[in-house]
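Here's the letter readout for the chains.
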Amino acid sequence: MSKTQVDDIDRNIYDIKNKDDYEFKMKKGLNREIVEEISEKKNDPDWMREIRLKALETYEKLELPTWGPDLSELKMDEIATYVKPKSKLNSSWDDVPEDIKKTFDNLGIPEAEKKSLAGVGAQYDSEVVYHSIKEDLLKQGVIYTDMETAVREYPDLVREHFMKCVPINDHKFVALHAAVWSGGSFVYVPKGVKVDIPLQSYFRLNSPESGQFEHTLIIVDEGASLHFIEGCSAPKYNKVNLHAGCVELYVKDNAYLRYSTIENWSKNMMNLNTKKALVGKNAQVDWVTGSFGSKVSMLYPMSILNGEGAKTEYTGITFAGGGQNLDTGFKVIHNAKNTSSVINSKSISKDGGACTYRSLVRINPQAQNSKCSVSCESLMLDDISRSDTIPVNDIRTDEVEFSHEAKIGKISDKEIFYLMTRGLSEEDAKAMIVRGFASPISKELPVEYAVEMNNLINLELEGAIGWDNRDRSCLSHKTVEKSQTMKIYKKNKKQQNMTKIWDKQDLSLLSQKRRIHGKIKIEWNTS
């Protein structure tokens, strides 16, 4: 009897590619001439052109990251930074060229718009080809449009916020983005307006050996609320494609924003995206993220809690198969009193895929009475995959409540056997366990997108539990599991440093440094 096998994600509709038919494709590479040509084609105002050229100078000065996944395959002289499809911006799907419309039909975007969305933006390569918003939102003053239109029609609002949340010198790929950005969405929700039905933007990259650099800028004004959904996909090619988008979120006092993302890039994609939120007094931003596909990902959404009572929550899942190195996580900075953050991260790896959870939690001196809870869970489906947890927790205030829990393990054969005794097949039992592992994320999404995410992790299971004495590997009950919870109680203002270093079996030596001011009592619960 054969061993249990877990198949890769079925990409079906996501790998359907159209002919590389475009109106214009920039020559490969990156230099001043190319940046100026993009600016000219976008009809940029002078201030935007100056930002692009300044960003190019910054890009040339900054080095590639010396940590994280290997990026040596990425060669900018082999990437076209701008591809204009044969389509203008349309407000009706009937006006979108048939091949492009069919792609979005296959992805279910027009159908989702009819059923559950208040507005939709659809980008194909470097340009937005469709954009819509319901009339009742327009009457309430909500702005939802493509970024180029926003630059022309709302220049003061855009200029005040563009590349202010994410500064150009943040890292090399932010500078690259600012130099060549094209497409993306702009949202402004006026004071007190509640947008009860989500808005969605979908980004599709079709052209090979090219990059997508969309910019998303969302401003949720005081007392307003919004749920924004972002979807991404691309077909697979033999050479590297690049995604280096940027998301800037401004959540003003007493406002609420939920930002949901389902990314399903192809396995030739370098996904080097940057997302950041500035959160005001008693405001809240929640991140819900599903990361599937891409050859390499480096993605760490960030919340900066600037207002007293500000809150953030991150719920994310990552799936890495063979040949994938997905380095993801979350960053949060507590800058005010009584702020709170909750981080729940899950990952699944198989066939030698590598998942890394990398995080930063910083609670600054002025952020007394703040709370933070971090939970990381990793599920490895074989003996050749890898999962690492690399948290950095920097606590600088006297009064803080902090906990961190990390767990790494495999699917238990005992659990499979128990479910089979209850009448389930092995395939159904394993699918139930994996879907249950992912359920906290899918429950946070609207029904249509929960279904999409479940389809993306629809692991087709073949074979049976290997009751074969010649090969006991699939009967192994070994589970690598660590669960650590730490509570910190501050007593006075004396300074004390604590460093914990550990080695997870044959994984690389990891280190966690906590800089703590004040005498502390530490309670460790380990299982």
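Residues numbered from 1 in each chain as written. Predicted model: local features only at pLDDT ≥ 70, side-chain atom pairs only at ≥ 80, totals over all residues. Heavy atoms only, no water.

1. Concerning the side chain of Arg 258
Here Arg 258 is to be found in strand 14 (residues 256-265). On the basis of relative accessible area, Arg 258 is assigned to the buried category, the value being 17%. A polar side-chain atom of Arg 258 sits 3.3 Å from a polar atom in the side chain of Tyr 256. For Arg 258, the residues in contact, after removing those within four places along its chain, are Leu 226, His 227, Phe 228, Asp 286, Val 288 and Glu 444. (Helix = DSSP H or I, 4+ residues; strand = E, 2+ residues; numbered from the N terminus. Buried < 20%, exposed > 50% of the residue type's maximum accessible area, 1.4 Å probe, protein only. Polar contact = N/O pair within 3.5 Å; in protein donor to acceptor, adjacent residues only side chain to side chain. Contact = heavy atoms within 4.5 Å.)

2. Regarding the sheet that holds strand 4 (residues 119-124)
If you walk across this open sheet you meet the 10 strands as 5-4-8-11-14-17-20-22-24-26, and the pairing is mixed. Two strands close off the open sheet at either side, each with one partner strand: strand 5 (127-133) and strand 26 (400-410). Each neighbouring strand pair of the sheet contributes to a mean axis angle of 5°, computed without reference to strand direction. Summarising the sheet, strand 22 (residues 340-349) and strand 24 (residues 370-380) pair through 10 bridges and their orientation is parallel. In the sheet register, Val 342 faces strand 24, and the bridge partner there is Ser 373. Against the sheet, helix 10 (residues 426-442) touches strand 17 (284-293), strand 20 (311-320), strand 22 and strand 24, its axis set at about 150° to strand 22. (Pairing = 2+ DSSP bridges. Axes fitted to C-alpha atoms, helices over the stretch in contact; angles between N-to-C directions.)

3. Thoughts on the state of the cysteines
On inspection of all chains with the given rule, the structure shows zero disulfides. In this structure Cys 246 is not part of a disulfide, and its nearest cysteine sulfur, from Cys 165, lies 7.7 Å away. (Disulfide = S-S within 2.5 Å.)

4. Focus on the confidence of the model for the protein chain
Mean pLDDT over the protein chain: 83, with 80% of residues reaching 70 or higher. Within the model, the stretch residues 459-527 combines pLDDT values under 50 with 181 contacts to residues more than four positions away or in other chains. (pLDDT = per-residue confidence, 0-100.)

5. So, the pairing of strand 4
Strand 4 sits mainly inside the fold: six of its six residues count as buried. Alternating residues of strand 4 divide into Gly 119, Gly 121 and Gln 123 and Val 120, Ala 122 and Tyr 124, and every residue in both groups is buried. Inspection of the sheet shows strand 4 paired to strand 5 by six bridges, in the antiparallel sense. Of the residues in strand 5, the one forming a bridge with Ala 122 is Tyr 130. Hairpin connection, strand 4 to strand 5: the antiparallel pair is bridged by two residues, and Asp 125 has positive phi, about 60°.

6. Observations concerning the nonpolar core
If you look at the biggest cluster of nonpolar residues, it comprises 50 residues, and the most contacted ones within it are Val 158, Leu 176, Phe 186 and Leu 242. In this structure Val 158 touches Trp 47, Met 147, Ala 150, Val 151, Phe 186 and Leu 217, once residues within four positions along its chain are discounted. By size, the runner-up hydrophobic cluster in this structure holds 42 residues, among which are Ala 118, Leu 257, Ala 277 and Cys 376. (Core = buried A, V, L, I, M, F, W, Y, C linked by side-chain atoms within 4.5 Å.)

7. Comments concerning the environment of Phe 417
Inspection of the secondary structure assignment puts Phe 417 in helix 9 (residues 413-421). Between the C-alpha atoms of Phe 417 and Lys 430, which are 13 residues apart in sequence, the distance is 9.9 Å.

8. Let's talk about unusual backbone geometry
Residues other than glycine seldom take positive phi values, yet Asn 43 does so here, at roughly 55°. The topology assignment puts Asn 43 in the loop between helix 1 (32-41) and helix 2 (46-61). You will see that Asp 351, though not glycine, has its phi angle at about 55°, which is positive. Note on placement: Asp 351 falls in the loop between strand 22 and strand 23 (354-363).

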